[in-house]
Structures are given as structure tokens and as C-alpha cells.
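Spelled out, the chains give:
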Amino acid sequence: MADYPRYAIYYVPAPDSGLTRFGAHLLGYDAFSGEDLPFPDGILQTTPDWREQTSDPRKYGFHATLKAPMSLAPGKTEVDLLAACSAFAATPRPIPAIRPVVGSIEGFIALVPAAPTPELIRLAADCVSAFDSFRTPLTEQDRARRKPAQLTPTQLAHLDRWGYPYVMDDFRFHMTLTGRLGAERRETLLAMLAERFTALDLPTLSIDRIAVFRQENSAARFRIVNHWKLCAQGLPDRSALPI
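Reference entry: report on the structure contained in this document.

What to know about helix H6 (residues 118-130)
Argument step 1. With 13 residues, H6 extends 18 Å between its outermost C-alpha atoms, agreeing within 8% with the 18 Å of an ideal straight helix rising 1.5 Å per residue.
Argument step 2. Buried residues belonging to H6 abut strand S4 (64-71), helix H5 (78-90), strand S5 (97-98), strand S7 (108-113) and helix H8 (153-162).

Quick word on the nonpolar core
Argument step 1. If you look at the biggest cluster of nonpolar residues, it comprises 47 residues, and the most contacted ones within it are Leu 81, Phe 173 and Val 212.
Argument step 2. Here Leu 81 is in contact with Tyr 7, Ile 9, Met 70, Leu 72, Phe 131, Phe 134 and Val 212, once residues within four sequence places are set aside.
Argument step 3. Formed by ten residues, the second largest nonpolar core is a distinct cluster that contains Ala 8, Phe 32, Ala 211 and Phe 222.

Quick look at the sheet that holds strand S6 (residues 100-105)
Argument step 1. Taken in spatial order, the three strands of this open sheet run S6-S7-S8, and their pairing is antiparallel. Bordering the open sheet on either side are S6 and strand S8 (175-176), each of which pairs with just one other strand.

Focus: the packing of helix H1 (residues 18-27) against helix H9 (residues 183-198)
Argument step 1. Packing of H1 against H9 brings their axes to within 11 Å, and their N-to-C directions diverge by 150°. As judged from the angle between their axes, H1 and H9 are roughly antiparallel. Considering only the axes of H1 and H9, their crossing is right-handed. Residues Leu 19, Phe 22 and Leu 26 of H1 form the contact with H9, whose own contacting residues are Leu 193, Arg 196 and Phe 197.

Calculation rules
- Residues numbered from 1 in each chain as written.
- Predicted model: local features only at pLDDT ≥ 70, side-chain atom pairs only at ≥ 80, totals over all residues.
- Heavy atoms only, no water.
- Helix = DSSP H or I, 4+ residues; strand = E, 2+ residues; numbered from the N terminus.
- Expected span 1.5 Å × (residues − 1).
- Contact = heavy atoms within 4.5 Å.
- Core = buried A, V, L, I, M, F, W, Y, C linked by side-chain atoms within 4.5 Å.
- Buried < 20%, exposed > 50% of the residue type's maximum accessible area, 1.4 Å probe, protein only.
- Pairing = 2+ DSSP bridges.
- Axes fitted to C-alpha atoms, helices over the stretch in contact; angles between N-to-C directions.
- Parallel < 35°, antiparallel > 145°, perpendicular 65-115°, else oblique.
- Left-handed = near helix turned anticlockwise from the far one by under 90°.

Spelled out as C-alpha cells, the structure:
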């Protein structure tokens with residue numbers, strides 16, 4: 001079983017952005033403040049079970065995974081992790097930009113790129129490798145939870161090397177909006193969420209920020225500890241942003 005607290009490194013939009021408000025209100029939870037939020041107007045009228053349909057992603061907050069949840073390795077502290085994230089964010093790098101769309105991934109509805117970009121795959125890979133020394137190695141129970149018999153050989157190798165199967169070439173950027181849905185239900189909600197997202201008028205999205213999320217115990221939701229804007233190549237270093 002995992003030790004707590006657990007930490008994850010996620011992409012999040014800026015706290016005052018329209019995208020953050022869109023995702024946080026759909027999930028009914030603000031990971032920046034740790035507070036419950038009302039659902040958007042009209043959604044409970046059209047989808048009375050919306051709270052149940054979003055219960056799984058609500059636990060994690062609106063995000064895209066870069067380094068999956070982990071317990072800290074012996075000798076590593078939260079202060080160490082935050083310092084490493086600050087240094088990572090201050091290192092100049094190409095900032096990925098995507099065309100975000102509402103789509104389906106493994107039965108979930110999520111915000112996904114219309115097409116993957118090499119810069120996005122590189123950023124995710126860099127996060128996986130840069131912070132791996134902070135991760136407690138998988139136990140046999142943790143490994144079994146990932147259902148290794150259902151993974152491809154490459155995903156199994158990733159699981160054993162990095163503690164998570166969907167990394168490197170198997171990485172798929174997504175910002176989850178619902179739990180797993182049946183096909184018929186998924187198509188209905190996909191159309192509804194796509195229409196709501198269109199109102200944001202967000203033709204491009206820069207993946208320009210990382211955040212450390214912490215989960216205190218198995219019943220707790222993840223909450224943002226700190227977040228940083230990434231330093232683009234050719235620009236001065238950026239310092240950590242306070243919450």
C-alpha cells in the first residue's frame with residue numbers, strides 16, 4: 001500500500017485563467033484553494049447525476065499528469081521536491097502549444113490535444129526522468145494494481161523502470177472531465193462538454209506551468225502545494241509563484 005502523503009507533478013493552467021475556472025467548476029473542486037465549487041449553470045438540470053459522473057476526477061483536481069502520484073523515497077522531503085521543481089521550471093526550454101479539444105480517452109471524456117507535439121512529449125518525458133529519484137519504488141502490490149498482464153511489453157517496461165506505464169512514447173496528454181462512461185452515455189456528454197468548451201474560445205493552449213499536488217491520505221483530495229511558470233527559451237528565469 002502507498003505511504004502518505006503522496007505527491008504528483010501536474011500541468012495546470014494559471015489559477016485565474018478561464019480554463020481553470022472551466023475545469024474546476026465542472027469537477028466541483030478547486031485544487032488551488034481546496035474548496036468545493038458549484039457546478040456550472042444548467043448542468044444538473046441536463047445531467048442530474050453529474051456529481052457521480054465526476055467523482056473520480058474530482059479527487060485529483062483539474063490537471064494533466066506529468067509525473068504520476070508517488071510516495072517520497074527515503075531521505076527525500078517535500079522541501080527537496082519543491083526546490084527541484086523550482087529549478088526545473090527555471091531551466092529554459094521550448095514551451096509546448098496544443099490545439100485543445102474535448103475528446104474521449106479510454107472511456108473518459110477529457111481535454112486532449114487535437115494532435116500531439118514533440119515538445120509536449122519531451123516535456124512530459126523530462127518530468128518523468130527529472131523527478132524519478134523522489135519516487136519510492138513500486139511494491140508488488142502497487143505493481144499488481146496496474147494489471148501488468150493487460151499492458152503492452154513497452155508499457156510493462158515503463159512500469160518497472162518509471163513506476164507508471166503511460167510515459168515516454170506511451171504518454172497521452174489529457175485533462176480529465178468525467179469518470180469512465182459507457183459508449184452511449186459518453187457520446188451525449190461529449191457533445192455537451194464540447195459545446196461548453198467552445199464558448200471559451202481557446203484555439204491554442206501553452207503547456208507552460210507545473211504544479212506539485214499533495215494528497216494527505218487515501219480519503220483526501222489532491223491539493224496544490226505550489227506552482228511555477230516554465231521559463232521559455234530566450235526569456236529570463238522565472239521564480240516560483242506563490243499560491
